[in-house]
Amino acid sequence: MIGIKDLYSVLTAVVPLYVTMFLAYGSVKWWNVFTPEQCAGINRFVAIFAVPLLSFEFVSRINPYKMDLLFLAADGVSKVLILFALLCWANFTKRGGLDWSITVFSLSTLPNTLVMGIPLLKSMYGDDKEYLMIQVVVLQCIIWYTLLLFLFEYRETRTEVLSKFKESSVSSKNCCSEDEVIDVIATTSSNQQQQQQQQQTAQNANKIAPDQSQRFRPMVAASMEGEDGTSTTCEKQSVQAGPREESSSTAKVVETVKQEDVENASIPSSFSSSMLLKILRKVWLKLVRNPNSYSSLLGLSWALVSCRWDIKKPQIMENSVTILSSAGLGMAMFSLGLFMALQPRIIACGKKLALYGMVARFIAGPAVMAIASIAVGLKGTTLKLSIVQAALPQGIVPFVFSREYNLHPDVLSTA
């Protein structure tokens, strides 16, 4: 049972973050302080500087030699099961796809353990369970955020390769299709002329009887000629308009054929091994340049050395890291408020997607966590804690990544 003092501790940790989010929302929605370009720059700062330093600072303070391996195994098994199910859904079903697999994985496996989970579950289950939550956060930073970052980079690189392949395919088709287009135009125009002549002949045959055709032939010829023996104005206009109309029709056919080439450009359904290696090499180079991919590993390395030989960080290094890491959570919530203010409505993704997100966050994730926890042998309070922490609201860092890579940030912000 949570008492008044425990509830106040939870509110003390959570309310300041939402005050920050409210200020960011008002600065765009009502006060016009930031432009959309400036909001994107703030999120870029959070993704490249604040979040990596926050991860490094948090991971470097743990003792990796005193970890509850059974609890961490339950957390890892639940995430692996969900990831495996999503990969099967993306590869073997028509509605599946990489984009939504990444988003659903973020929704169902990455809760807000650091901000809300630690103070809440500490109040519910006691101070001795706080370290379990810290271990979950550390595992998220080291493994799951890095995996999420890899999936984002792989998706972005794969999209670039597909777009380049499509452009090259279209250009190769266009460079050799001019003769084919001309043949199509000639065939189409000749067929149209034949059809028009047949229709005109049939109409004349119906109007003029066979025995009267010779009688009216001089009159028809006279009506088609002027007094000086020249063609009438209507005939001249039709002769002059004929080439122009045909050359307008020609341009339309050419444009139609080119548009069909663009739409029907072949895209490979699967990559060859050499192309896949090139994609993975590009992803690796991008991950090396991204501080989020190795900040947690550096923090873990320092924690291993520090706890093994009792070495403390120099004060100048400590201050250099904490001056920005202390602003990590606040700036992440500020970026969330900016994004919400830029949307036309509070539920940016719509009610249907919001409902799906709630199912993934509060039902699917905790259910799989319960199965994994029971499977590895968790019991009692630890089992309850593992399930409750999986049912916490959505984490902030996955939203920062989703906005940075522009993959369903509306769904993550709503969650």
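Residues numbered from 1 in each chain as written. Predicted model: local features only at pLDDT ≥ 70, side-chain atom pairs only at ≥ 80, totals over all residues. Heavy atoms only, no water.

A. Representation of the packing of aromatic side chains. Per the stated rule, a full pass over the model turns up ten aromatic pairs. Their ring planes at 80° and their centres at 5.5 Å tell us that Tyr 25 and Trp 30 sit as a pair that is edge-to-face. With a relative accessible area of 15%, Tyr 25 lands in the buried category. Between Phe 105 and Trp 144 the ring centres are 6.4 Å apart and the planes differ by 55°, which places this aromatic pair in the tilted class. Here the residue Phe 105 occupies a position in helix H4 (residues 98-109), and Trp 144 occupies one in helix H6 (residues 130-174), the gap between them amounting to 39 residues. Taking the relative accessible area as the measure of exposure, Phe 105 reaches 0% and is therefore buried. These aromatic residues form a ring-pair network of at least three members: Phe 22, Tyr 25, Trp 30 and Trp 31. (Phe/Tyr/Trp six-rings, centres within 6.5 Å; stacked < 30°, edge-to-face > 60°. Buried < 20%, exposed > 50% of the residue type's maximum accessible area, 1.4 Å probe, protein only. Helix = DSSP H or I, 4+ residues; strand = E, 2+ residues; numbered from the N terminus.)

B. Highlighting the pattern of salt bridges. Following the criterion strictly, the structure yields nine salt bridges and no others. Linking Glu 404 and Arg 44 is a salt bridge whose minimum nitrogen-to-oxygen distance equals 2.1 Å. Of this pair, Glu 404 sits in helix H16 (residues 396-404) while Arg 44 sits in helix H2 (residues 36-59), and the two are 360 residues apart along the sequence. Here Glu 404 falls in the partly exposed class, since its relative accessible area comes to 22%. (Salt bridge = Lys/Arg side-chain N within 4 Å of Asp/Glu carboxyl O.)

C. Up close: the side chain of His 408. Relative to the assigned elements, His 408 resides in the loop between H16 and helix H17 (409-414). Apart from residues lying up to four places away in sequence, His 408 is in contact with Asp 99, Trp 100, Thr 103 and Ser 402. (Contact = heavy atoms within 4.5 Å.)

D. Expanded view of the environment of Lys 278. Turning to its location among the elements, Lys 278 is positioned in helix H10 (residues 273-289). Lys 278 sits 117 residues away from Val 161 along the chain, and the two C-alpha atoms are 9.7 Å apart.

E. Summary view of the confidence of the model for the protein. Of the residues in the protein, 75% have a pLDDT of 70 or more, and the chain-wide mean is 79. Every residue in residues 207-246 is under pLDDT 50, and counting partners more than four places away or in other chains gives eleven contacts. Scored below 50 in pLDDT, residues 257-267 makes 19 contacts in the model with residues more than four places away or belonging to other chains. (pLDDT = per-residue confidence, 0-100.)

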